[in-house]
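Listed here are the chains, written in short residue letters.
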Amino acid sequence: MKYRLPDKFTQIIFIVLAVLCLTPFISSPIALLLGFLMTNLLYNPFKAHTGKVVKWLLKIAVVGLGFGMDLNHTLAVGKEGLLLTVLSISTTLILGYFIGKALHINRAISYLISSGTAICGGSAIAAVSAVVQAKEKQISIALGVVFFLNAVALLVFPMLGHALNLSQADFGLWSAIAIHDTSSVVGAALAYGEEALDIAVTVKLARALWIIPLSILTMFFFRGETGKIKIPWFILLFVGAVILSSYVHLPDFIVTGIPFLSKKLLVLTLFLVGAGLSIQSIKESGFQPILLGLSLWITISVTSLAYILYL
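So, here is what we can say about the structure in this document. (Residues numbered from 1 in each chain as written. Predicted model: local features only at pLDDT ≥ 70, side-chain atom pairs only at ≥ 80, totals over all residues. Heavy atoms only, no water.)

## A closer look at the overall build of the protein chain
Summing up its helical and strand segments, the protein chain has 17 helices and 0 strands in all. Counting all 311 residues of the protein chain, 50% fall into the buried class. Sequence separation of 24 or more characterises 84% of the internal contacts of the protein chain that already satisfy a separation of 6 or more. Here the protein chain displays about 15,100 Å² of accessible surface, and carbon together with sulfur accounts for 71% of that area. (Helix = DSSP H or I, 4+ residues; strand = E, 2+ residues; numbered from the N terminus. Buried < 20%, exposed > 50% of the residue type's maximum accessible area, 1.4 Å probe, protein only. Contact = heavy atoms within 4.5 Å. Areas by Shrake-Rupley, 256 points an atom, 1.4 Å probe, with all protein chains shown as cover.)

Dropping the structure here:
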């Protein structure tokens, strides 16, 4: 139940919680939970702005992480995850098509959820929704399903990783493949360890590039008039930051300071992501789309983990 405090008090509480997320006392899963509790017990006084802020903070933070990475290591990790990425994306899209038909889910909604699960959550949904000219309600349902599962993954994956005694490398690769949105991938990996974070960010951003061929494929799949394709250009900045860090002798405050600040910004970003996830939006998603998203998520999580551990 929400309590309607005066706007000033709610704004102060929100700002205090946001500032706390920049301190060492709040981890990434706790930040997401705080945001969720804030918006569902009270309300989000900055609802009109948090969505845009999340997009910019995530891009800035990810680019900042690039200054703490080594290119040779990055390429090795990206190559290792390439086959798994291709297999997981194609499998998810094919399964999503057939499960969506079996559940009699609207074709656009089914495709948006499948795309978000296959590649990078909200970013993929935003990209292909422009191509299929999805309606606002269809987009909100798909985003609601994906963001809900993102929140669950952020809390559950680190615990599962420790329970299964996964190495930093295995967990980083698994989280990048099996968790939808970049923010939750980074949050889960950040909670697991430094090496897991480096690997997760690298593989996830390489995976995000598949938005481009997916958008092109979508044009033919839906055979309608297309809108503007949104390409995640910030990935090029991330690559540039990695190259600079690897081949240019940069001052210590850049190679250590910027990645440190970026990690703090990511925790804040997750608080804002949680603040945008309401119980009402989850309810409005309906049972069938959630069942589709859950089925795809469990399938990709189990199969990718088996691939990482046994192949």
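## Details of the pattern of salt bridges
One pass over the structure, following the stated rule, counts 1 salt bridge. Of the charged contacts, one joins Glu194 and Lys263 as a salt bridge, the two residues approaching to 2.4 Å between their closest N and O atoms. Pair noted here: Glu194 is in helix α11 (residues 194-208) and Lys263 is in helix α15 (residues 257-275), with a separation of 69 residues, a long-range link. Overall, Glu194 belongs to the partly exposed group, its relative accessible area being 49%. Residue classification places Lys263 among the buried residues on the basis of a relative accessible area of 18%. (Salt bridge = Lys/Arg side-chain N within 4 Å of Asp/Glu carboxyl O.)

## Some words on the nonpolar core
Side chains of a nonpolar character, in soluble globular proteins, are inclined to be buried together. Residues Ile119, Phe157, Phe171, Trp174, Val201 and Phe271 are the most contacted members of the largest nonpolar core, which totals 86 residues. With 9 residues, helix α8 (residues 136-163) is the single largest residue contributor to this core. Core analysis: the second largest hydrophobic core is formed by 5 residues, Val63, Ala241, Leu250 and Ile254 among them. (Core = buried A, V, L, I, M, F, W, Y, C linked by side-chain atoms within 4.5 Å.)

## Let's talk about the packing of helix α5 (residues 82-102) against helix α6 (residues 107-118)
The description of two helices packed together rests on the angle between their axes and the distance between the axes. The N-to-C vectors of α5 and α6 enclose an angle of 155 degrees; their axes lie 9 Å apart at closest approach. In terms of orientation, α5 lies roughly antiparallel with respect to α6. α5 and α6 meet at a crossing whose hand is right-handed. Residues Ile89, Thr92, Leu93, Gly96, Tyr97 and Gly100 of α5 form the contact with α6, whose participating residues are Ser110, Ser114, Ser115, Thr117 and Ala118. (Axes fitted to C-alpha atoms, helices over the stretch in contact; angles between N-to-C directions. Parallel < 35°, antiparallel > 145°, perpendicular 65-115°, else oblique. Left-handed = near helix turned anticlockwise from the far one by under 90°.)

## Side note on a nonpolar patch on the surface
A contiguous nonpolar patch, built from Val239, Ile243, Leu244, Tyr247 and Val248 and spanning about 420 Å² of accessible area, is present on the exposed surface. As for its position among the elements, Val239 is in helix α13 (residues 234-247). (Patch = residues over 30% accessible without salt bridge, like charges linked within 9 Å, V, L, I, M, F, W, Y side chains within 5 Å.)

## A closer look at the environment of Gln168
Positionally, Gln168 belongs in helix α9 (residues 168-178). Judged by its relative accessible area of 24%, Gln168 is partly exposed. For Gln168 and Ala200, which are 32 residues apart along the polypeptide, the C-alpha to C-alpha distance reads 9.7 Å. When near neighbours in sequence (up to four residues on either side) are disregarded, Gln168 contacts Tyr192, Gly193, Glu194, Glu195 and Ala196. Separated by 3.1 Å, the side chain of Gln168 and the backbone nitrogen of Ala196 make a polar contact. (Polar contact = N/O pair within 3.5 Å; in protein donor to acceptor, adjacent residues only side chain to side chain.)

## With respect to the side chain of Thr39
As for its position among the elements, Thr39 is in helix α2 (residues 28-41). Overall, the relative accessible area of 7% leaves Thr39 in the buried class. A polar atom in the side chain of Thr39 sits 3.0 Å from the backbone oxygen of Ala275.

## What about the packing of α6 against helix α17 (residues 287-310)?
Running from N to C, α6 and α17 cross one another at 30 degrees; their axes reach a closest spacing of 10 Å. As the angle between them shows, α6 and α17 are arranged roughly parallel. α6 and α17 meet at a crossing whose hand is right-handed. In this structure, α6 uses Ser110, Ile113, Ser114 and Thr117 to contact α17, whose residues at the interface are Pro289, Leu292, Gly293, Leu296 and Trp297.

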